[in-house]
Amino acid sequence: MKAQEKIKSRQITHGNKYLRKALIECAWSAARTRGSVFYCRFWHLKGMKKHHNAIIVAVAREMLTVIWKLLSRHENFDETYHLKKKTAS
């Protein structure tokens with residue numbers, strides 16, 4: 001990238017806008033719930049000096065991934081889901 005080039009926008013533009021807004025709201029809620037997987041993820045990224053909006057998008061993406069895997073495998077979510085994910089491989 002040249003020094004004179006500027007990035008004009010970093011907004012998410014792809015996908016269903018209603019689903020995106022709903023996931024962002026859910027991500028804010030999950031990031032504020034102490035003891036959840038997404039709370040830990042939020043503060044891990046916050047410690048890396050990321051911007052809070054970028055962190056919430058990352059949490060929303062992780063939530064979408066978990067939702068997709070649960071629905072495709074016909075499983076139920078529990079608090080130890082993130083532990084199963086790491087030990088299953």
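Residues numbered from 1 in each chain as written. Predicted model: local features only at pLDDT ≥ 70, side-chain atom pairs only at ≥ 80, totals over all residues. Heavy atoms only, no water.

Peer 1: Looking at this structure, I do not really get helix 3 (residues 52–73). What am I missing?
Peer 2: Given 3.6 residues per turn, any residue in an α-helix points the same way as the ones three and four places further on. A rise of 1.5 Å per residue sets the reference length of helix 3, with its 22 residues, at 32 Å; its end C-alpha atoms lie 32 Å apart and thus fit the reference within 8%. Of the positions making up helix 3, those classed as buried are Ile-55, Ile-56, Val-59, Ala-60, Glu-62, Met-63, Val-66 and Leu-70. Each buried residue of helix 3 lies within a common arc of 165 degrees when the element is viewed along its axis, so the set occupies one face. Projecting away from the buried face of helix 3 at angles above 90 degrees are the exposed residues Arg-61, Trp-68 and Leu-71. His-74 sits one or two positions beyond helix 3 and adopts a positive phi of about 55 degrees. (Helix = DSSP H or I, 4+ residues; strand = E, 2+ residues; numbered from the N terminus. Expected span 1.5 Å × (residues − 1). Buried < 20%, exposed > 50% of the residue type's maximum accessible area, 1.4 Å probe, protein only. Arc of directions from axis to C-beta.)

Peer 1: Would you explain unusual backbone geometry in this entry?
Peer 2: What is expected of a backbone is that most residues other than glycine have negative phi and most peptide bonds are trans. Notably, Lys-49 is not glycine yet its phi reads approximately 65 degrees, a positive angle. One can find Lys-49 in the loop between helix 2 (37–47) and helix 3. Using a relative accessible area of 75% as the deciding quantity, one classes Lys-49 as exposed. With a phi angle near 55 degrees, His-74 is a residue other than glycine that sits in the positive phi range. You can see His-74 is positioned in the loop between helix 3 and helix 4 (81–87). With a relative accessible area of 74%, His-74 lands in the exposed category.

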